Structures are given as C-alpha cells and as structure tokens.
Amino acid sequence: MSVEDRLAIGDLFVRYATALDRGNVASVVDCFTADAELESPVIGVIAGRDAIRSFAERFAAQRAGGTQFRHMITNIAAEIDPGGDRARATAYLFVMITRSGETRSLPPGRYECDAVKEAGVWRFCRRTVCHDHDYTLDGI
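None of these values were measured; they are calculated from a predicted model.

A.B. asks: Go over the overall build of the protein, please, and point to the residues and values.
C.D. replies: Of regular secondary structure, the protein possesses three helices and seven strands. Beginning at the N terminus, the succession of helices and strands in the protein can be written as α-α-β-β-α-β-β-β-β-β. Principal-axis analysis of the C-alpha atoms gives the protein an extent of 50 × 30 × 25 Å. Taking all 140 residues of the protein together, 43% fall into the buried category.

Here it is in structure tokens:
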C-alpha cells in the first residue's frame, strides 16, 4: 500500500464526516460510487447515489433547523488489494449531537467499508455503520 493511497483513504473518511456535519450534500454523494450501498441503524440499507443524496439531505435539513452533528473518526485502518484499486477500511466512530443548547452522544461504534479507486479518486462502494448498542435518533 502506498503512502498516497493510505492518506487518500483517510481523507475519504474525513471528507465524508465533515461534509455530512456541514450539510454539504454534493460532497457526501461524491464520496460514494454510483452503485454504492450504505447501511446504518438510522436508515437500514440504501443503494445508489439518489438514495444517498436523500439521506444526506435529511442531515442537511436537520442542520438547517439548528441541529449540529459532529462525526468524530479515529483509528482508520485500510488494506488495499494487490491490484491497487480496491480496499477494505475501518474506523472508530463517535457522534455528538447538539440541539437547543443540549448535547448528547450516540453509542460508540465503527465504520466498516469497501472502497474503490475510480480515475485516481477513492470512493466508498459499501459503507456499514455499526454501534455498540441500539439507540433512537429523532427526526432523521
């Protein structure tokens, strides 16, 4: 695995998390391949950029309504296949939500992802969000 690929995959995680938190729908969608799958306790399993766009728009609407999400990721680890254009990557996840001056956290968890390199750019083709236990998330 090249240093450049390792940095680019780490950057993919950061681009996704910060775009989701800022309500930048286009940037969230750009982190995924056209046929990507996203699985989350919040939404179940969705596939394709249109479904991912709808998911990101719901977060953007929450942000526009005064709710701030902070997706914090750490311990990013990636293994790139010998061909150099597919990778399996994981990261720990901690999410803080602030609404009306009150802050709460979701249970800690992790991202389990498959990524592909398309025209020199790493994107998620499968992303699974796992939390340590169930929770509810009003309004998303």
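What follows continues from the structure just given.
A.B. asks: Outline the pairing of strand β6 (residues 109-118), listing residues and values.
C.D. replies: Bridge count for strand β4 (residues 86-99) against β6 is eight bridges, and the pairing is antiparallel. The residue of β6 that forms the bridge with Thr 90 is Glu 112. Pairing geometry for β6 and strand β7 (residues 121-131), over 10 bridges, is antiparallel. Within β7, the position partnered with Gly 109 by the bridge is His 131.

A.B. asks: Would you mind going over helix α1 (residues 3-22) in detail, with residue names and values included?
C.D. replies: Because an α-helix packs 3.6 residues into every turn, residues spaced three or four apart end up facing the same way. Between its first and last C-alpha atoms α1 spans 28 Å; for 20 residues at 1.5 Å apiece the expected length is 28 Å, and the two agree. Of all the residues in α1, the buried ones are Asp 5, Ile 9, Gly 10, Leu 12, Phe 13, Tyr 16, Ala 17, Ala 19, Leu 20 and Asp 21. Of the residues flanking the end of α1, it is Gly 23, one or two places downstream, whose phi is positive at about 75°.

A.B. asks: Which residues make up the side chain of Thr 128, and what values do they have?
C.D. replies: Secondary-structure assignment places Thr 128 in strand β7. Of the polar contacts made by the side chain of Thr 128, one reaches the side chain of Arg 126; its length is 2.7 Å. With residues near it in sequence (within four places) discarded, Thr 128 still touches Glu 39, Arg 110, Tyr 111 and Glu 112.

How each quantity is defined
- Here the residue numbers are simple positions, counted from 1 along each chain's written sequence.
- A pLDDT threshold of at least 70 governs which residues receive local features in this predicted model, and a stricter bar of 80 or more applies before side-chain atom pairs are shown or counted, although totals over entire chains, interfaces and linings include all residues.
- Values reported for side chains reflect all heavy atoms of the structure, with hydrogen atoms and water molecules removed beforehand.
- A run of H or I in DSSP counts as a helix once it spans at least four residues, and a run of E counts as a strand once it spans at least two, with each numbered from the N terminus.
- Residue exposure (1.4 Å probe, protein chains only): buried if accessible area is under 20% of the type maximum, exposed if over 50%, otherwise partly exposed.
- Pairing between strands is defined by DSSP: at least two bridges between the two strands are required.
- Each helix should span, by expectation, one fewer than its residue count multiplied by 1.5 Å.
- Throughout this description, a polar contact denotes any pair of N or O atoms lying within 3.5 Å of each other; where both atoms belong to protein, one of them has to be capable of donating a hydrogen while the other can accept it, and for residues adjacent in sequence the pair is counted only when both atoms sit in side chains.
- A contact between two residues is defined here by any heavy atoms of the two lying within 4.5 Å.

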